[in-house]
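Architecture at a glance
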Amino acid sequence: VQLVESGGGLVQPGGSLTLSCAASGFTFSSYAMSWYRQPPGKDRELVASITSVGGSTNYADSVKGRFTISRDNAKNTVYLQMNSLKPEDTAVYYCRARLRWKDYWGQGTQVTVSS
């Protein structure tokens with residue numbers, strides 16, 4: 001099982017980034033997918049989630065209207081489009097796959113928002 005995040009980097013406030021999480025080794029389309037983040041010195045927190053068929057999404061209040069989670073089950077990939085980025089969005093971003101008792105995490109990708 002692998003979840004590999006990519007797309008992180010350094011961006012100026014107000015900018016945009018799109019994170020990708022490529023999955024392998026399990027039946028991706030059956031799993032709910034989520035993005036979490038862990039800011040420096042803080043606990044990991046849920047950013048956004050999407051159901052297995054993509055019919056329902058959920059967002060943290062802090063990112064509503066700015067971030068969009070989506071998935072492509074044909075490509076075994078989940079995305080996080082991040083717009084209007086703020087310095088407080090700086091964190092390591094992780095993707096997570098869950099199906100009943102099965103729970104997988106990626107290794108994370110760093111997003112830094114700074115001028």
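Please read these numbers as outputs of a predicted model, since none were measured by experiment. (Residues numbered from 1 in each chain as written. Predicted model: local features only at pLDDT ≥ 70, side-chain atom pairs only at ≥ 80, totals over all residues. Heavy atoms only, no water.)

With respect to the overall build of the chain
The line we're drawing: Put simply, DSSP H or I for four residues or longer makes a helix, DSSP E for two residues or longer makes a strand, and each gets a number counted from the N terminus. Atoms counted for the radius of gyration: C-alpha only. Globule rule: 2.2 Å times residue count to the power 0.38. Throughout, exposure labels follow a simple rule: accessible area from a 1.4 Å probe, protein chains only, divided by the maximum for the residue type, with under 20% read as buried, over 50% as exposed, and the rest as partly exposed. Contacts are residue-level and defined by heavy atoms, with any inter-residue pair within 4.5 Å sufficient. The method behind every accessible area is Shrake-Rupley, applied with a 1.4 Å probe, and residues are considered shielded solely by the protein chains displayed. Under the convention used here, Asp and Glu are negative, Lys and Arg are positive, and both His and the chain ends fall outside the count. The location of each charge is read from NZ of Lys, CZ of Arg, CG of Asp or CD of Glu.
From N to C terminus, the chain includes zero helices and 11 strands. Taking 2.2 N^0.38 as the reference for a compact globule, 115 residues should give roughly 13 Å; the C-alpha atoms of the chain span a radius of gyration of 13 Å, in line with that estimate. Along the first, second and third principal axes, the C-alpha atoms of the chain reach 40 × 25 × 25 Å. Buried residues in the chain amount to 40% of all 115 residues. Within the chain, residue pairs in contact and separated by at least 24 positions form 53% of the contacts whose partners lie at least 6 positions apart. Taken as a whole, the chain presents about 5,900 Å² of accessible surface, with 46% of it coming from carbon and sulfur. Of the side chains in the chain, 12 bear a positive and 8 a negative charge, and the two mean positions are spaced by 5 Å.

Here we look at the pairing of strand 10 (residues 102–105)
Condition: At least two bridges found by DSSP between two strands is the condition for calling them paired.
Sheet topology note: the strand 9 (residues 91–99)/strand 10 ladder contains four bridges and is antiparallel. Opposite Arg96, over in strand 10, you have Trp105 as the bridge partner. In textbook terms, the turn of a hairpin is the stretch between consecutive antiparallel strands, and for strand 9 and strand 10 this stretch comprises two residues, one of which, Arg100, has a positive phi near 55°.

Quick word on the pairing of strand 1 (residues 2–6)
Burial along strand 1 is one-sided: the face carrying Leu3 and Glu5 is buried and the face carrying Gln2, Val4 and Ser6 is not. As judged from the five bridges shared by strand 1 and strand 3 (residues 17–24), these two strands associate in the antiparallel manner. Paired with Leu3 across the bridge in strand 3 is Ala23.

Points about the nonpolar core
Generally speaking, nonpolar side chains in soluble globular proteins are found buried as a group. Basically, it comes down to this: Put simply, a nonpolar core is a bunch of buried Ala, Val, Leu, Ile, Met, Phe, Trp, Tyr and Cys residues held in one set by side-chain atoms that sit within 4.5 Å of each other.
Within the largest apolar cluster, 28 residues are counted, with the highest numbers of intra-cluster contacts made by Trp35, Leu80, Met82 and Tyr93. Contributing elements (two or more residues each) for this core: strand 3, strand 4 (32–38), strand 5 (45–50), strand 7 (67–72), strand 8 (77–82), strand 9 and strand 11 (109–113).

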